[in-house]
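# Per-entry structural report
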Amino acid sequence: MYAKPGTKDRLDVRAFPDGFAWGLSSAAYPIEGAVDQGGRGRSIWDAFSRRRGAIRGGDTGDVACDHYHRWEADLDLLASLKVGGYRLSVSWSRLQPDGRGELNPEAVAFYRKVLAGLRARGIEPFVTLYHWDLPAALEAGGGWAERETARRFAEYARLTVTALGDLATRWITLNEPWSSALLGYGYGKHAPGRTDLTAAVAAAHHLALAHGLATLAIREAAPSAEVGITNTVTHVTAAGDSAADRAAADRLDAITNRLFLDPIYRGRHDPLTLDCVDPMGLWAHLRTGDLEIISTPTDFAGISHGRPVIAGHDPAAPFGVRERPALAPAHLHRVLTRVASDFTALPLYVTETGTGHPAGAAPSGQIRDLDRVHHLSGSFTAAARALSDGVDLRGYFVWSFMDNFEWAEGYSKRLGVVHVDHRTQQRIPRLSAHWYRDLIVAHGGVQDLDAVPAA
């Protein structure tokens, strides 16, 4: 058993079942670099990162962690941490540079090498098809605000799973569609940087539709594949006891959590969600049969959990909600039990959660990131409590494997259990990496995989 640092709480690793997927997470644009190599096309993040003031420090993902060239050493590093699973994304703009047509053979070859390399090291890949890198050519045609993008995504999913499906059996259609829609099209904080809530609501519907269409396409291309989606699920509490604050918390829950959870797992929208977003024209985009497609059955549910949020009434804020973050890993327990009890009985995976710290000078020797260790210990303790309460939790993927281009934060925030000096590309596992490795080893290590198909 592990003690949570600074407390008397105990993290009992025996609470996690045999076969539990102990993993780390990453994504293509934040780590790959090589944006002008291998036939890759331009993405919305290439454009957004060049907009003045869009990214802290004026950073870009042009080089990032140079994983495109250093993937073998990175996989060796992953293996040394004893993880049994790795959630990565493949880049739509690398695989299908214009968002339509046949796949780029150089990209297919690259991802086949990576996936085969993971399996050769006893690490199961969980592959995300879309982690925010929409091809720029599709954004020029309206992006996710247009229904055609959902159709293009389904075709991309079919082609990609056909090309790579012998090397990966677990597929995640979309990562955090709420962020793509609201942060990208509504609030301008993420690519493509639009500030139009009407476009954001259209994007939300088309992203959900894209998930359903892609699920159907994957079923056709690889009937034995397991399919899921990763949604952001946030624990929301009211700032005060007033009716106005409680109503604000309900609205924030409706437009963050229920906007996607209800249609995907219940085949309908909650009335409060409709009240919030109907003025932005949701009904104009809903067509007969859409909700049936969106709620196409999947095999598992992915959960991305960040900081809990405190919501208060503010008529001047979007949707009348003023929000501020809190930091309490224990809220992961409430998120897991709520999803399991209110939305789906599917197996759950925590596909992303972590904590970041400001960048500093590249140190030498061991990096004692005790705050991250505290956070991880608290989060795994919360997950263990959820398991004891009957939640069918099958795996947990820490964000992130290594320091990367952290979207709008650039390189200013360090979320990796592995430190990266982006000038030299040196990798140094932090204390949190050693802590996580020891936790995995205490549970019994990793599982063997089936024979590896030829790359």
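A brief structural summary. What you see is a predicted model, and the numbers here were worked out from it, not measured in a lab.

The subject of this paragraph is helix α5 (residues 105-120). The end-to-end C-alpha separation of α5 is 22 Å, in line with the 22 Å expected for 16 residues at 1.5 Å each. When α5 is considered as a whole, its buried residues turn out to be Ala107, Val108, Phe110, Tyr111, Arg112, Val114, Leu115, Ala116, Gly117, Leu118 and Arg119. Residues of α5 that are buried sit in contact with α1 (28-32), α3 (67-80), β4 (85-89), α4 (92-95), β5 (124-130) and α7 (147-164). The N-cap of α5, judged by a side-chain oxygen 3.1 Å from the amide nitrogen of Glu106 a few residues on, is Asn104. Just downstream of α5, Gly122 is the residue with a positive phi angle, here 75 degrees.

Throughout the structure, instances matching the rule amount to 32 aromatic pairs. Residues Tyr130 and Trp144 carry aromatic rings whose centres are separated by 5.4 Å and whose planes lie at 70 degrees to one another, so their mutual orientation is edge-to-face. Taken together, the positions of Tyr130 in strand β5 and Trp144 in the loop between α6 (136-140) and α7 put the pair 14 residues apart, joining distant regions of the chain. One exposure class covers both Tyr130 and Trp144, and it is buried. Site record: aromatic cluster; members linked through ring pairs are Phe16, Phe20, Trp22, Phe380, Tyr396, Trp435 and Tyr436.

As a further point, take the nonpolar core. Ranked by internal contacts, the top residues of the largest apolar core, which has 143 residues, are Trp45, Trp144, Phe153, Leu336, Phe380 and Tyr436. In terms of residue count, the dominant contributor to this core is helix α9 (residues 197-221) (12 residues). In contact with Leu336, not counting residues within four places along its chain, are Ile303, Leu348, Val350, Ala383, Ala386, Val391 and Leu393. Core analysis: the second largest hydrophobic core is formed by six residues, Phe126, Ile172, Phe300 and Phe397 among them.

Tallied over the full model, the rule gives 30 salt bridges. For Glu139, the salt bridge goes to Arg194, with nearest N and O atoms at 3.3 Å. You can see Glu139 sitting in helix α6 and its partner Arg194 sitting in the loop between α8 (177-186) and α9, a full 55 residues away along the chain. In this structure Arg194 comes out as partly exposed when scored by relative accessible area, which is 28%. One salt bridge in this structure joins Asp438 and Arg437, with 3.3 Å as the shortest N-O distance. Residue Asp438 is classed as partly exposed on the basis of its relative accessible area, which comes to 34%.

A word on the pairing of strand β6 (residues 170-175). Burial runs high along β6: six of the six residues are buried. Pairing between β5 and β6: four bridges, direction parallel. Its bridge partner lying in β6, Phe126 is registered against Arg170.

Attention now goes to the sheet that holds β4. Within the closed barrel, the eight strands sit side by side as β3-β4-β5-β6-β7-β9-β12-β14. Their pairing is parallel. Neighbour to neighbour, the strand axes of the sheet diverge by 25 degrees on average, direction disregarded. Bridging between strand β3 (residues 21-25) and strand β14 (residues 393-399) involves five bridges; their strand directions are parallel. Following the sheet pairing, Leu24 is matched in β14 by Val398. Along the sheet, α9 makes contact with β5, β6 and β7 (226-232), crossing β6 at roughly 160 degrees.

Pairing within the open sheet is mixed, and its three strands lie in the order β8-β10-β11. Looking at which strands have only one partner, the edges of the open sheet turn out to be β8 (236-238) and β11 (321-325). Averaged over all neighbouring strand pairs, the angle between strand axes comes to 35 degrees, with direction disregarded. Pairing analysis gives five bridges linking strand β10 (residues 309-313) to β11, with the strands arranged antiparallel. Each residue of the ladder has a partner; that of Ile310, found in β11, is Arg324. Sitting on the sheet, helix α10 (residues 243-266) is in contact with β8, β10 and β11, with an inclination near 125 degrees to β10.

Note the cis peptide between Ala191 and Pro192, where omega equals 10 degrees. Omega for the peptide link from Trp399 to Ser400 comes to 5 degrees, which places this bond in the cis form. Turning to its location among the elements, Ser400 is positioned in the loop between β14 and β15 (413-414). One non-glycine residue, Trp132, lies in the positive phi region at around 85 degrees. One can find Trp132 in the loop between β5 and α6. Judged by its relative accessible area of 6%, Trp132 is buried.

With that out of the way, let us pick up the pairing of β4. Most of β4 is tucked away: five of the five residues are buried. Burial along β4 is two-sided: Gly85, Arg87 and Ser89 facing one way and Tyr86 and Leu88 facing the other are all buried. Two strands pair when backbone bridges link them, and β3 and β4 are joined in this way by three bridges, in the parallel orientation. Among the inter-strand pairings, Ser25 is bridged to a residue of β4, identified as Arg87. Of the strand pairs in this sheet, β4 and β5 are connected by five bridges, and their pairing is parallel. In the sheet register, Leu88 faces β5, and the bridge partner there is Val127.

This next bit is on helix α16 (residues 431-443). Along its 13 residues, α16 runs 19 Å from first to last C-alpha, staying within 8% of the 18 Å computed at 1.5 Å per residue. Looking at α16, one finds that the buried residues are Leu431, Ser432, Ala433, Trp435, Tyr436, Leu439, Ile440 and His443. Gly444 lies just past α16 and shows a positive phi near 125 degrees.

Once that is clear, we can look at the packing of α9 against α10. Running from amino to carboxyl end, α9 crosses α10 at an angle of 35 degrees, the nearest separation of the two axes being 11 Å. In the packing of α9 onto α10, the handedness of the crossing is right-handed. Only Leu259, Phe260 and Ile264 of α10 make contact with α9, whose side of the interface consists of Ala204, Leu207, Ala208 and His211. Its residues assigned to classes, the contact of α9 with α10 shows six nonpolar, one polar and no charged.

Criteria and thresholds
Residues numbered from 1 in each chain as written. Predicted model: local features only at pLDDT ≥ 70, side-chain atom pairs only at ≥ 80, totals over all residues. Heavy atoms only, no water. Helix = DSSP H or I, 4+ residues; strand = E, 2+ residues; numbered from the N terminus. Expected span 1.5 Å × (residues − 1). Buried < 20%, exposed > 50% of the residue type's maximum accessible area, 1.4 Å probe, protein only. Contact = heavy atoms within 4.5 Å. Polar contact = N/O pair within 3.5 Å; in protein donor to acceptor, adjacent residues only side chain to side chain. Phe/Tyr/Trp six-rings, centres within 6.5 Å; stacked < 30°, edge-to-face > 60°. Core = buried A, V, L, I, M, F, W, Y, C linked by side-chain atoms within 4.5 Å. Salt bridge = Lys/Arg side-chain N within 4 Å of Asp/Glu carboxyl O. Pairing = 2+ DSSP bridges. Axes fitted to C-alpha atoms, helices over the stretch in contact; angles between N-to-C directions. Left-handed = near helix turned anticlockwise from the far one by under 90°. Nonpolar A, V, L, I, M, F, W, Y, C, P; charged D, E, K, R; others polar.

All we've got here are geometric facts, nothing functional implied.
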